[in-house]
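Observations on chain architecture
Letter by letter, the chains look like this.
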Amino acid sequence: MVDFRWQAMRTIVFVMLLLSFSLAAFGQPAGRIEGRVIDARSKEPLAGANVLVVGTSLGASADVEGLFAIPNLAPGTYLLRFSFVGYESLTKTDVVVTAARPAIVNVQMVESFLQRQEVVVTPGYFTEAFESPVSSTQLAAEEIRRFPGGFEDIVRTAAALPGVAVVNQGGRNDLLVRGGGPSENLYLINNIEVPNINHFGTQGSSSGALSFVNLDFIDRVEFSTGGFGVRYGDKLSSVLALDTRPGRRDRLGGEATISATQFGLNLEGPLSRRGDFLFSARQSYLDLIFKAAGLPFIPVYTDFNFIADLDFSPRSKLSFLGLAALDRVDRDQSSLENRVTNAGILDNTQNQIIAGANWRRVLGRGFFDLTANLNYNGFRFSQIDEFDREYFNSRADETELNVKLTSYLGLKRGGGLYAGLALKNIINDNTTVFADTVYDRSGRRVPVGSLGIPAANVIDLTTQKYAAYAEWEQKLSPWFNFNLGLRGDVYAFLDESFYPSARLAVGFKPAENVKFKGSLGRYYQSPSYVWVVNPVNRTLQALRNDAAIFGMEYLLRPDVNFSIESYYKRYRDLPTGTVAGRTDYLVLTNTGVGYGGREDDFQSFGYFPLVSQGRGRAYGFEVLLQKRFSEVPCYGQISLGYNQSEYTAANGVSYPGQFDQRWIFNLSGGYVFNSKWEFSSKFRFYTGAPFTPVYLPAQNGGEIQNLPEEYLSRRLAAGHHLDVRVDRRFNFSGWAMILFLDIQNIYNNRVQRRPSYDFWENRIDDRDDLGLLPSLGISAEF
């Protein structure tokens, strides 16, 4: 398999060099930058804001609608510096100009506490970081696109940031934030709440294999690993908020892309006189990778994105969002070996549909948002043995109808008030059937009754969630600000339904280049819908997390920032198994990294009886040194994180968190040589996570797994890998092309993963199957 990959990589490199030299003679047509400048809080257009292309004499001023345009730019990567009276200066990096379409840069500027007649122009590379709450990172689409080993996947890139554990499971992009589990993450797209944005999602969690949101349509990503305000609720650990870019309004355009994993087509253009749309369709192409790994199954996914904006006036805007993801697994059952291998794979067919609209009205000193959307997840799971006999089947349809009101009112003297109401109507239809016995991950047949799982469950539940919040932010001086919020959540399907919470965040800035931040708050999350399929689990309580965070940022130079944060999280009322079901050692939030079924003894679904007696804690620190792209045309970051987590189950015993990787070190960066060539790389080292040993079946001379004594009793070896990426850009008259080579794990280190029993080879397998993985991508933009 290694020979196959090296041969493929040599072919890819040859193709890149051939295209580079054969197309070098073409000219470099001009491009343009356009966008809008608004107030970060009130969303008011900032008429007269100045925009400067750093290193040139070119620039523009925003008009009465906050719009600006800078034409006649040579293709390349630029910096834009924004300044306005009474506002903090801001620099946008990684603005890529091509000949195909305008580069759209939308900016939200933060009001300064200085007197309005004063203008202080600073580089402002980290203005957003300094002004944001604790534990918040902003990413531009270009930073995600060029991230080595990220497959241009938003979630996978966020999973490589400080505070997120590494998943020792091939093909996963789980967000495991500061000791939390994969069900504790909130996704927002244009203010629309989305349960999951991943293909092959795990039911009951927010994780999966690969994001189905098209990165080409993303303008800005904000990822919070803790300390987020009461505007965001019903999740314990993180918020990943995406803002999409507008489509072009001058003419119809698009992009065609093909890589080693997928191919797709994008279209964008005007809608009437004051509107635009974005549309994409993508199809996976994983045959080569899975066949090279010798696997008799292939995951197949298709997704569609549709986004549209209509401007009724400069102060009134309607945005539409439509997403669809269709997933299935194709199996080759032509031989006994294939059937034995495939028996360990849960048949995973899913359909996800998200449709919504957000209407925003800017009111002068604030704004008003009205959001309505539908989220549908259809899960079809099945497990068979090597003789094609089915012993597990689940059909679940989870539907949410959401309505949300959000408002902001700017107060005098640097203050503001957020307030909001939310309603979710939930329809949960779930039919689950087990045979009399099932296979566990060691190949033994286990009576279903001994696991405490009913042989059949049918649920038809219609219920609601309600929420209300108010959040006051205040800047008392140039040196001190705070956010104070109150929130109430009602989960109507729980016996105890009302859960109030409060959160506080403060910032102290003793000097221009130093800021201290801290937060304290309580967070609640309702049990996952799949956990209440078993009627006895309606007595569960909402999951609770009390978290404290303290950090400091120090600006070493305009484009280099140093930060350190420490945190402590205390979990209460977590769902755990019972003595009757012999699962009283399991805490459900401490499971779920995987695709479920036999590979985790059906634990992550939570079909067995549960009680809210689990507890947990997580604590640690993170150090980050970050260099932004600037006049010095390189970028990068170095981070070191320490985390320790443990959970106490209903049996009173404390176990390490399943995602308890004590040390994680990241080193990534790149260099932009010119408008044509860019190189980037990423190195990651991490200590091993706990795992439960797996033995050969007893009938083959192995031992019987001793649970719960051996649960998470061992640790994986430390892991490390190096990913590299090379980008080559071409610009022609009216169109452009990007050719990239992305090589994951370039020195072919077979990372140890959680062991599993290979039923065909009759051995324990604990090494990554893929190792070195080169990928070539070509994208033509027109």
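Residues numbered from 1 in each chain as written. Predicted model: local features only at pLDDT ≥ 70, side-chain atom pairs only at ≥ 80, totals over all residues. Heavy atoms only, no water.

1. What to know about the overall build of the chain
Along the backbone of the chain there are six helices and 43 strands. Principal-axis analysis of the C-alpha atoms places the extent of the chain at approximately 80 × 60 × 50 Å. Per-residue burial over the chain gives 59% buried out of 782 residues. The long-range share in the chain, meaning contacts at least 24 apart out of those at least 6 apart in sequence, stands at 66%. Element-wise, carbon and sulfur atoms account for 60% of the exposed surface of the chain, whose accessible area totals about 29,700 Å². Seen as two clouds, the 78 positive and the 82 negative side-chain charges of the chain have centres 4 Å apart. (Helix = DSSP H or I, 4+ residues; strand = E, 2+ residues; numbered from the N terminus. Buried < 20%, exposed > 50% of the residue type's maximum accessible area, 1.4 Å probe, protein only. Contact = heavy atoms within 4.5 Å. Areas by Shrake-Rupley, 256 points an atom, 1.4 Å probe, with all protein chains shown as cover. Lys, Arg positive; Asp, Glu negative; His and termini not counted. Charge placed at Lys NZ, Arg CZ, Asp CG, Glu CD.)

2. A short note on the nonpolar core
Phe392, Phe434, Tyr491, Phe602, Phe605 and Tyr607 are the most contacted members of the largest nonpolar core, which has 48 residues in total. Within the residue set of this core, elements represented by two or more residues are strand E9 (185-189), strand E21 (366-384), strand E22 (390-411), strand E24 (437-439), strand E26 (456-477), strand E29 (514-525), strand E30 (543-557) and strand E31 (560-577). With residues near it in sequence (within four places) discarded, Phe605 still touches Gln203, Leu346, Phe381, Phe392, Val530, Trp531, Gly596 and Gly597. (Core = buried A, V, L, I, M, F, W, Y, C linked by side-chain atoms within 4.5 Å.)

3. Here we look at the sheet that holds strand E5 (residues 76-83)
Ordered by their spatial adjacency, four strands build an open sheet running E3-E2-E5-E6, and the pairing between neighbours is antiparallel. The open sheet terminates on both sides in strands that have one partner only, identified here as strand E3 (59-61) and strand E6 (90-97). Sheet twist, expressed as the average angle between the axes of neighbouring strands with direction ignored, equals 20°. (Pairing = 2+ DSSP bridges. Axes fitted to C-alpha atoms, helices over the stretch in contact; angles between N-to-C directions.)

4. Some remarks on the environment of Val726
As for its position among the elements, Val726 is in strand E39 (residues 719-731). The exposure class assigned to Val726 is partly exposed, which follows from its relative accessible area of 23%. Val726 sits 216 residues away from Pro510 along the chain, and the two C-alpha atoms are 42 Å apart.

5. Focus: the pattern of salt bridges
Under the defined criterion, the tally for this structure stands at 49 salt bridges. Taken together, the shared-partner salt bridges connect Glu142, Arg145, Glu152, Arg725, Asp727, Arg729 and Asp742 into one network. (Salt bridge = Lys/Arg side-chain N within 4 Å of Asp/Glu carboxyl O.)

6. Considerations on unusual backbone geometry
The backbone of Phe200 sits at a positive phi, close to 50°, despite the residue not being glycine. Mapped onto the secondary structure, Phe200 falls in the loop between strand E11 (198-199) and strand E12 (210-211). We note that Asn762 has phi near 55°; this positive angle belongs to a residue other than glycine. Along the chain, Asn762 falls in the loop between strand E41 (752-758) and strand E42 (763-767). Judged by its relative accessible area of 32%, Asn762 falls in the partly exposed class.

7. A few points about the confidence of the model for the chain
Per-residue pLDDT for the chain has a mean of 89; in total, 93% of the residues score no lower than 70. Predicted confidence for residues 20-26 stays below pLDDT 50, and this span has eight contacts to residues more than four positions away or in other chains. Taken together, the stretch residues 115-120 has pLDDT below 50 and engages in ten contacts with residues farther than four places along the chain or on a different chain. (pLDDT = per-residue confidence, 0-100.)

8. Some points on the pairing of E29
Among the twelve residues that make up E29, nine are buried, leaving the element largely enclosed by the rest of the structure. Where strand E28 (residues 498-511) folds back onto E29 in an antiparallel hairpin, the turn is made up of two residues. Across twelve bridges, the pairing between E29 and E30 is antiparallel. Along E30, the bridge assignment pairs Val514 with Tyr554.

9. Looking at the packing of aromatic side chains
How two aromatic rings sit relative to each other is set out by the distance from centre to centre and by the angle between their planes. Under the defined criterion, the tally for this structure stands at 30 aromatic pairs. Between Phe68 and Phe82, the aromatic rings sit 5.7 Å apart at their centres with planes inclined by 70°, giving edge-to-face as the arrangement. With a gap of 14 residues between them, Phe68 in strand E4 (residues 67-73) and Phe82 in strand E5 connect regions that are remote in the sequence. What makes Phe68 buried here is its relative accessible area of 5%. You can call Phe82 buried: its relative accessible area is 0%. (Phe/Tyr/Trp six-rings, centres within 6.5 Å; stacked < 30°, edge-to-face > 60°.)

10. Notes on the sheet that holds strand E14 (residues 238-244)
Reading across the sheet, the five strands line up as E8-E13-E14-E9-E10 and stay open at both edges, with mixed pairing between neighbours. Looking along the sheet, the strands with just one partner apiece sit at the ends: strand E8 (136-140) and strand E10 (192-194). Going from strand to strand, the sheet's axes swing by 20° on average, the running direction of each strand aside. Pairing geometry for E9 and E14, over five bridges, is parallel.

11. As for the pairing of E5
Within E5, seven of the eight residues are buried, leaving the element largely enclosed by the surrounding structure. When strand E2 (residues 50-53) meets E5, the two strands line up antiparallel, connected through four bridges. When the bridges of E5 are listed, Val51 appears paired with Phe82. Note that E5 and E6 share six bridges and pair antiparallel.

12. Some words on the side chain of Asn214
Mapped onto the fold, Asn214 is located in the loop between E12 and strand E13 (218-224). The buried category is assigned to Asn214, whose relative accessible area is 3%. From its side chain, Asn214 meets the backbone nitrogen of Asp216 in a polar contact 2.9 Å long. Side chain to side chain, Asn214 and Ser280 meet in a polar contact 3.2 Å long. (Polar contact = N/O pair within 3.5 Å; in protein donor to acceptor, adjacent residues only side chain to side chain.)

13. What to know about the environment of Pro478
On the secondary structure map, Pro478 appears in the loop between E26 and strand E27 (480-491). Taking the C-alpha atoms as reference points, Pro478 and Lys509, separated by 31 residues in sequence, lie 7.4 Å from one another. Aside from chain neighbours lying at most four places away, what touches Pro478 is Phe113 and Lys509.

14. Structural notes on a nonpolar patch on the surface
A contiguous nonpolar patch, built from Leu409, Leu411, Leu417, Trp472, Leu484, Leu504 and Val506 and spanning about 550 Å² of accessible area, is present on the exposed surface. Breaking the nonpolar patch down by element, the ones donating at least two residues are E22 and E28. For Leu504, the location among the structural elements is in strand E28. Of the residues examined, Leu504 reaches a relative accessible area of 37% and is grouped as partly exposed. (Patch = residues over 30% accessible without salt bridge, like charges linked within 9 Å, V, L, I, M, F, W, Y side chains within 5 Å.)

15. Overview of the side chain of Arg753
Structurally, Arg753 is set in strand E41. By relative accessible area, which is 15% here, Arg753 ends up buried. Side chain to side chain, Arg753 and Asp765 meet in a polar contact 3.1 Å long.

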